[in-house]
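The chain contents come next:
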Amino acid sequence: MARLSRLPIFAMVLLYLALLLGSGGTASQAYAQSAPAQDVGAILDKTQSSVTNIQERLKQKPQDIDDTGLVAIRDTLQEAQSVADDIVVKLEPELASVEARLKELGVPTGEAEEPADIAQQRAQLKKRQALLDSQIKLAKLMGVDARQGQDQISLLRRARFQAELGTRSQSLLVPSFWRDVARDAPRDMRRLNGLLKQLGANLKAVPTHVWSLALGMALLLLIVGETGRRGLGAFTVRHTKPARLRRSIFAFLTVVLYTVVPGLLATIMLFVMRWNGGLDQALNSFLEQSAALVYVAGFVAGLGMVLLSPARPSWRLPALSDGLARRLAWVPLVFAVTIVLAWSAQRALDLINATLSTTLLVNGIMTVVLNILIGFTALSLRSSSQHKQGQSAQVDEPSMGSSMAAWARAIPSVLVVVVSASLAAFLLGFIALSSLVAQEIIWLTLVVSTAYLLVVLVTDVFDSLVARVEQEQAADLLAAQQARTRCQVLVLVSGALRLMLILFAIALVLLPFGEDPGDWLRRRLGFLLVGFQIGEAQIRPASIAVTLVVLLVGAYSVRVMRSWISDQFLPVTRLDESMRTSAANLLGYLGYFAVIMIAVSSLGIGLERMAWIVSALSVGIGFGLQAVVQNFVSGVILVAERPIKVGDWVSLDGVEGNVRKISARATEIEMFDRSTMIVPNSEFITKKVRNVTMANPLGVVTLKFNMPLDVNAQAVREIMMDAIRGQPAVLGDPAPSVTLEAFSEAALTFSATCYVISPRHAGKVRSELMFEILGALRKRDIKLHSLPPAEPAASVPTGAAAPAPPDMRAG
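Residues numbered from 1 in each chain as written. Predicted model: local features only at pLDDT ≥ 70, side-chain atom pairs only at ≥ 80, totals over all residues. Heavy atoms only, no water.

Q: Explain the sheet that holds strand S10 (residues 748-756) to me, using residue names and the numbers behind them.
A: Across the sheet, three strands lie side by side as S8-S10-S9; this open sheet has antiparallel pairing. Where the open sheet ends on each side, the last strands, each with one partner, are strand S8 (699-707) and strand S9 (737-743). Across the sheet, the mean angle from the axis of one strand to that of its neighbour is 20°, orientation sign disregarded. Inspection of the sheet shows S8 paired to S10 by nine bridges, in the antiparallel sense. (Pairing = 2+ DSSP bridges. Helix = DSSP H or I, 4+ residues; strand = E, 2+ residues; numbered from the N terminus. Axes fitted to C-alpha atoms, helices over the stretch in contact; angles between N-to-C directions.)

Q: An account of unusual backbone geometry is requested, with residue identities and associated values reported.
A: Where the residue is not glycine, phi is negative for most of them; where a peptide bond is considered, it is trans in most cases. Residue Pro734 is reached from Asp733 by a cis peptide bond, and omega for that bond is 0°. Along the chain, the position of Pro734 falls in the loop between helix H23 (713-725) and S9. For Asp476, which is not a glycine, the phi torsion comes out positive at approximately 65°. By the secondary structure assignment, Asp476 is in the loop between helix H14 (431-474) and helix H15 (480-509).

Q: Which residues make up the pattern of salt bridges, and what values do they have?
A: This structure, assessed with the given rule, holds 20 salt bridges. Close ionic contact of Glu94 with Arg128 constitutes a salt bridge, the shortest N to O distance being 2.7 Å. Note that Glu94 is positioned in helix H4 (residues 67-105) and Arg128 in helix H5 (residues 116-165), a separation of 34 residues in sequence. Looking at Glu94, the relative accessible area reads 26%, which means it is partly exposed. Residue classification places Arg128 among the partly exposed positions, given a relative accessible area of 22%. Among the salt bridges present, the one from Asp322 reaches Arg316, with a minimum N-O distance of 2.9 Å. A residue is classified by how much of its surface remains accessible, and Arg316, at 6% relative accessible area, is buried. Taken together, the shared-partner salt bridges connect Asp180, Arg183 and Asp184 into one network. (Salt bridge = Lys/Arg side-chain N within 4 Å of Asp/Glu carboxyl O. Buried < 20%, exposed > 50% of the residue type's maximum accessible area, 1.4 Å probe, protein only.)

Q: Before we move on, could you go through the packing of helix H7 (residues 208-239) against helix H8 (residues 244-273) and cite the residues and values that matter?
A: The contact between H7 and H8 brings their axes to 10 Å, and the two run at 175°. With respect to H8, the element H7 is oriented roughly antiparallel. Here the residues of the contact of H7 with H8 are counted per class, giving 21 nonpolar, five polar and two charged. (Parallel < 35°, antiparallel > 145°, perpendicular 65-115°, else oblique. Nonpolar A, V, L, I, M, F, W, Y, C, P; charged D, E, K, R; others polar.)

This is the structure:
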């Protein structure tokens, strides 16, 4: 009877994807890095011979090959395909290099005799070109043959599986079946005892110190796991904000904990059992697969626990009632244990070559248990849904069922009907069909639940990032345009990831009956490694994925590095604030440039091959990018030479204000009316710029008064000096002064000059001095009246926001 292996392979699906998108993942890839060029032909011949022999076996009598033999042949073909793909990946760049060298040598004209060394080099290159071309073509042909052989094996296994579904075996309810069990059971038990004795003898031979080490590691792992399970909630609360992201991260970490701890315990036990070796290949493979299955069982238990969350109702992801969660709390663990027992029992029966009656008995028991568990879960879900719908109807509120699609409300009832039909088929003797129904329901539930958890996690993570961007915008840490751009990117990435997860889950659910998920992944996603060709370019999605990861990680690393340099390292140096900002910006530009270069290299484009990119950029600069590059180079000059810096008071073509930011393309100037002017960086290099605060200059305050001729000049001078000396912002060095600048028939002109610490203070100090002098003149009963306006008073340098004062005359 055919047995599905989907659940044990579920853990390998993610591992395969990780290896696929990461390093490429096949054992044969080590060849591509270490095999000498002269060995390629021998490897091709050996692999081609193996593929040819398999093709002959499949053509002659494929029906004589059992399922185990078909799996072994499939593995051999997969290895051959990997070898072929690795050879193509390795030799194609070498062939391109040889062709490029031949192109550089050119074609001999025949008009003049060619030098002997050039002719010899051309002949060697042509010979190498022919060899490489033939090896690449042979490798591609061998890869096609290997893929066709795998497809043929998949069709054979699927056809056998579908044929077995309609086969009716002996029912467990008839007495003759139990007579066969009583007859065959002693023989199968003796074989099982022999297998157990082999394991027992192997365990007894393990040294005491190995047992002690294994027990210590297992105890430590249990303590860490239990501590993590109890402290995971508090850890999540401390490190996340009170939002939906908290519960989704808690759920994800809980599943990881439930998966890793039992799996590592099984790995430790496997390590002990294999300490002395001596196990045959079949038993060793059984132990390895059993250890991998423990990871799956832990994943199933953890996934069920976080979805039900009976002890933490407020952290529950799906909308389930507390009563339903408590009623089903024991189901995930029982499901996990049953899966391990069912698969282990099937593999053990294969190892001992058990009789048909024993095999039917064991498979029948496991099938009944799985169907009962599924049926109990479905009945509980239906009962809870009906109960909630009734309560909602009594209080005249929208019921849970009214907010759900009709198909979703009908799922528990459909499951009850399907399980009932499965049990009926089991009683009639269609054990394979009943087992298939149970396994397909479990597979569907596992895929959908995993996709649901990952979609919720992705949604909550990106919603949290969007909320963080909005908070930074509200705190004026981000401009509105930057915030919108980041939010749009985050929403797009979130939608793309969720769509990929949903499509991948749908593809796994719709696998043809009898098809192995591992085979499905290799045949449909294998192109991610090999890629496809567009013109002369070889596009490898795996390289593109790695490039995107390099860009994201690199950009984040540069951002973290720049933040550390700007906030922690540079403040303890002697650089001032503006220079620290400029240095941090320059290092950031260099970091982003390095990230882009590394990303280009990871895409498979060597830096020596980027001449065409430089040429294209030169043409672009000559036409449309000249101004952009000019501004960028000007920005680098501003950062390096620092004619202006952040915080400076500058004046350029009538634009006057404070420098707030110097970016790669432009500089932001905040004017005195609080508006912002964006000035291209090239303007500061090619035009005259007045920097009021460069080199920390002193501010000069100048006051001029027109007084009548009969005024007491000495008294006016004393009043002005007293007012200046009484102003704390006025510096004593240089010393202030009051002078009689001019006189005429109508008035005397007094001029007062003093200095303040910065030009930014000149306007305020000037206004306060005028108030002081005006009050002192009135106290002396010096009458004031207007005169025709004299020259406007000013503070040097100019630019203060305060207006010029009116002229004054004593009377």
